[in-house]
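# Summary of the model geometry
The residues making up each chain are set out below.
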Amino acid sequence: MTDYKAVAADTLNIVEKYIDSDGWKQWKQSNGLTMVYKESSDFDGRVYKSSFELDVSPDVIVDLVWDINKREKWQSCVPSNGGLECVERINKDLIVLRSVSVPQMKGLIGSRDFIDVYGRHSYPDNQGTVIYWRDRKSVV
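A brief report on the enclosed structure follows. (Residues numbered from 1 in each chain as written. Predicted model: local features only at pLDDT ≥ 70, side-chain atom pairs only at ≥ 80, totals over all residues. Heavy atoms only, no water.)

In terms of helices and strands, the protein carries 3 helices and 7 strands. When its helices and strands are written in sequence order, the protein yields α-β-β-β-α-α-β-β-β-β. If you line up the protein on its principal axes, its C-alpha atoms span 40 × 40 × 35 Å. Counting all 140 residues of the protein, 26% fall into the buried class. As presented, the protein carries roughly 9,700 Å² of accessible surface, and 51% of it is formed by carbon and sulfur atoms. Between the averaged position of the 19 positive side-chain charges in the protein and that of its 21 negative side-chain charges there is a distance of 5 Å. (Helix = DSSP H or I, 4+ residues; strand = E, 2+ residues; numbered from the N terminus. Buried < 20%, exposed > 50% of the residue type's maximum accessible area, 1.4 Å probe, protein only. Areas by Shrake-Rupley, 256 points an atom, 1.4 Å probe, with all protein chains shown as cover. Lys, Arg positive; Asp, Glu negative; His and termini not counted. Charge placed at Lys NZ, Arg CZ, Asp CG, Glu CD.)

What the rule picks out here adds up to 3 aromatic pairs. Judged by centre distance (6.1 Å) and plane angle (40 degrees), the ring pair of Y37 and Y48 falls under tilted. Of this pair, Y37 sits in strand β2 (residues 33–39) while Y48 sits in strand β3 (residues 46–51), and the two are 11 residues apart along the sequence. Residue Y48 is classed as partly exposed on the basis of its relative accessible area of 41%. Between Y118 and W133, the aromatic rings sit 5.4 Å apart at their centres with planes inclined by 25 degrees, giving stacked as the arrangement. Here W133 lies in strand β7 (residues 129–135) and Y118 lies in strand β6 (residues 113–122), a separation of 15 residues in the sequence. According to the relative accessible area criterion, Y118 is buried, its value standing at 8%. In this structure, K17 packs its charged tip against the face of Y18, placed 5.0 Å from the ring centre. The cationic tip of K28 hangs over the ring face of W27; the distance from NZ or CZ to the ring centre is 4.5 Å. (Phe/Tyr/Trp six-rings, centres within 6.5 Å; stacked < 30°, edge-to-face > 60°. Lys NZ or Arg CZ within 6 Å of the ring centre and 35° of its normal.)

Below is the structure:
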């Protein structure tokens, strides 16, 4: 059986390494949202980071991302009814989530299933919350 807590701790360490690193390049900026990227040192590809300011508490944002029923309503790449399913809840900050994507390119690419490990970590003194995930194929 996979030790999801160890996977989450390892993933959070990787995420924190990227958050604190330099060398980010501007990718997109629109309506207060800024997206930057950099080449990954952990895999062949890019890592993306987004930042924005909203006039709501961080708890509201975390709730919109973490609550599966709310997330299905705004995440366009999954069906709005049954596209997300919690397969296993390890604890309040760690879940295994199954997602089904909607078909892409007018059905040329069919819907696909994904199993991911999702975690969240809140920093002391309200310095923010990080929500991170790791696909199951890199976990098993």
